Amino acid sequence: VCATVEFSQLYHTAMLDASRAETDGALEFGRFRVRPRRRQLLADGVQVELHTRAFDLLLVLLEADGRPVSKDELLHRVWPGVVVEEANLAVHISAVRRALGDRNGDGQFIETVPKQGYRFSEPVTRVVARTSAVPAIEAPPSVVSPAVAPLEALTPASPSTRRHRSRTALTP
């Protein structure tokens, strides 16, 4: 019975977590959705390839909520404790722009702000977790018989078995 209940609880928890993972913390702009926990960028529901540092850059820009982010701040947050040249930053910004469909450098999503850094220029919506509850999952009826016989099944010991220290109760 315990194993059945534990499995049911684990399954319910996993279903609830999966439901939350679909929406918790997701960010949307245009035809894109970013799932930070899963480290995914989706365009119309299809995953877009984006390397780790480029994804980190995108997250920092999205979190800035439209304010310009300096090159120093980007370098510090994406490459903490590592000396990186600005050219490396420019390469990764370019990768993010390509992933977002900006082929000719028009800065549709990521704008270069002269002498300030970069800014994510599109409105970003944070997706709120679903409010509908996940239906409870009922545990299946137990198919395991009890390990101990019920008290009614026990019969008094006969005089011949009373001499022994241990007794065994058998059920029909």
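Residues numbered from 1 in each chain as written. Predicted model: local features only at pLDDT ≥ 70, side-chain atom pairs only at ≥ 80, totals over all residues. Heavy atoms only, no water.

A.B. asks: Please explain the confidence of the model for the protein as it appears in this structure.
C.D. replies: Low pLDDT marks stretches whose predicted atomic positions should not be read closely. Of all residues in the protein, 58% have pLDDT values of 70 or greater, and the mean over the chain is 75. Long-range and interchain partners of residues 1-23, a stretch whose pLDDT sits below 50, account for 25 contacts in this model, where long-range means more than four residues apart. Overall, residues 163-169 carries pLDDT values under 50, and its contacts beyond four positions in sequence, including any with other chains, amount to four contacts. (pLDDT = per-residue confidence, 0-100. Contact = heavy atoms within 4.5 Å.)

A.B. asks: Sorry, what's going on with helix 2 (residues 52-63) here?
C.D. replies: When the terminal C-alpha atoms of helix 2 are compared, their 16 Å separation across twelve residues agrees well with the 16 Å that a helix rising 1.5 Å per residue should span. Of the residues making up helix 2, those classed as buried are Ala54, Phe55, Asp56, Leu57, Leu58, Leu59, Val60, Leu61 and Leu62. One or two residues past the end of helix 2 sits Asp65, with phi positive at roughly 55°. (Helix = DSSP H or I, 4+ residues; strand = E, 2+ residues; numbered from the N terminus. Expected span 1.5 Å × (residues − 1). Buried < 20%, exposed > 50% of the residue type's maximum accessible area, 1.4 Å probe, protein only.)

A.B. asks: Just to check I follow, could you spell out the pairing of strand 2 (residues 32-35) for this structure?
C.D. replies: For a regular strand, the rule is simple: side chains alternate between the two faces of the sheet. Here three bridges tie strand 1 (residues 27-29) to strand 2, and the two strands are oriented antiparallel to one another. By the bridge assignment, Leu27 is partnered in strand 2 with Val34. Connecting strand 1 to the antiparallel partner strand 2 that follows it, the hairpin turn spans two residues, and Gly30 within it adopts a positive phi of roughly 50°. (Pairing = 2+ DSSP bridges.)

A.B. asks: When you look at the environment of Arg53 in this model, what are you seeing that I'm missing?
C.D. replies: Structurally, Arg53 is set in helix 2. Taking the C-alpha atoms as reference points, Arg53 and Leu89, 36 residues apart in sequence, are found 9.2 Å from one another. If sequence neighbours within four positions are ignored, Arg53 has contacts with Val78, Trp79 and His92.

A.B. asks: Which parts of the structure should I look at to understand the pairing of strand 5 (residues 110-113)?
C.D. replies: Of the pairings in the sheet, the one linking strand 5 to strand 6 (residues 117-120) comprises four bridges and is antiparallel in character. Opposite Val113, over in strand 6, you have Gly117 as the bridge partner. Hairpin geometry of strand 5 and strand 6 is characterised by an intervening segment of three residues between the two adjacent antiparallel strands and by a positive phi of about 65° at Lys115.

A.B. asks: Help me understand the packing of aromatic side chains in this model?
C.D. replies: Aromatic ring pairs: the centre-centre distance and the angle between the two ring planes describe each pair. Across all of its chains, the model carries five aromatic pairs by this definition. Centroid distance Phe29 to Phe109: 5.5 Å. Interplanar angle 65°. Geometry classified as edge-to-face. Of this pair, Phe29 sits in strand 1 while Phe109 sits in the loop between helix 4 (86-99) and strand 5, and the two are 80 residues apart along the sequence. Judged on exposure class, the residue Phe29 and its partner Phe109 are both buried. Ring centres 4.8 Å apart and planes at 75° place the aromatic pair Phe29 and Phe120 in the edge-to-face group. Here Phe120 lies in strand 6 and Phe29 lies in strand 1, a separation of 91 residues in the sequence. Its relative accessible area of 1% is what places Phe29 among the buried residues. Chaining the aromatic ring pairs together yields one cluster made of Phe29, Phe32, Phe109 and Phe120. (Phe/Tyr/Trp six-rings, centres within 6.5 Å; stacked < 30°, edge-to-face > 60°.)

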